[in-house]
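# Understanding the architecture of this molecule
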Amino acid sequence: ELKGTSQVSVSDENVANSILCLLAGVDESIQADAAGRFGAKNWDQVKNHLARPGMFINSLRRFPYACDSGRISKNAAEE
């Protein structure tokens, strides 16, 4: 439902962006910014990732294995 929404609450946007930050070690399409931080800058970028639900769900499934293998950056987890 969120991917079709043009505006969301700040809380919803923060949660979705936090998920993207954590998935950066799993999904190669999530890029770091110039400061080395991951995640989206605005809701449109979050929706872009949610628009591909199969890839998003697959990244969530692979997340535990990425944690175990050390592919999740410490910066992403701390943000």
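Heads up: the structure comes first, above all this text.
Residues numbered from 1 in each chain as written. Predicted model: local features only at pLDDT ≥ 70, side-chain atom pairs only at ≥ 80, totals over all residues. Heavy atoms only, no water.

### A word on the overall build of the chain
Along the backbone of the chain there are 4 helices and 0 strands. In sequence order, the secondary structure elements of the chain are arranged as α-α-α-α. In the chain, which comprises 79 residues, the proportion classed as buried is 27%. In the chain, once contacts between residues fewer than 6 apart in sequence are set aside, the share between residues at least 24 apart is 63%. (Helix = DSSP H or I, 4+ residues; strand = E, 2+ residues; numbered from the N terminus. Buried < 20%, exposed > 50% of the residue type's maximum accessible area, 1.4 Å probe, protein only. Contact = heavy atoms within 4.5 Å.)

### Brief notes about the environment of His-49
Of note, His-49 is situated in helix H2 (residues 43-50). Expressed as a C-alpha distance, the spacing of His-49 and Asp-27, which sit 22 residues apart in the sequence, is 9.9 Å.

### Focus on the environment of Leu-50
Considering the arrangement of structural elements, one finds Leu-50 in helix H2. Separated by 30 residues in sequence, Leu-50 and Leu-20 place their C-alpha atoms 9.7 Å apart.

### Quick notes on the packing of helix H1 (residues 10-23) against H2
Orientation of H1 relative to H2, taken along the N-to-C sense of each, is 55 degrees, at an axis distance of 10 Å. One finds that H1 runs oblique with respect to H2. In this structure, H1 meets H2 at a crossing whose hand is left-handed. Two secondary-structure elements touch here, H1 through Glu-13, Ala-16 and Leu-20 and H2 through Trp-43, Val-46 and His-49. By residue class, the composition of the contact of H1 with H2 is 4 nonpolar, 1 polar and 1 charged. (Axes fitted to C-alpha atoms, helices over the stretch in contact; angles between N-to-C directions. Parallel < 35°, antiparallel > 145°, perpendicular 65-115°, else oblique. Left-handed = near helix turned anticlockwise from the far one by under 90°. Nonpolar A, V, L, I, M, F, W, Y, C, P; charged D, E, K, R; others polar.)

### Overview of the packing of H1 against helix H3 (residues 53-68)
Where H1 contacts H3, the axes come no closer than 10 Å and their chain directions differ by 60 degrees. Between H1 and H3, the interaxial angle falls into the category oblique. The element H1 and its partner H3 pack so that their crossing is left-handed. Facing Ile-19, Leu-20, Leu-22 and Leu-23 of H1, the residues of H3 in contact are Phe-56, Ser-59, Leu-60 and Phe-63. Of the residues assigned to the contact of H1 with H3, the class counts are 7 nonpolar, 1 polar and no charged.

### So, the side chain of Ser-59
Among the secondary structure elements, Ser-59 is positioned in helix H3. A relative accessible area of 2% means that Ser-59 is categorised as buried. The residues touching Ser-59, leaving out its near neighbours within four places in the chain, are Leu-23, Val-26 and Asp-27.

Any link to function would need more than the numbers given here.
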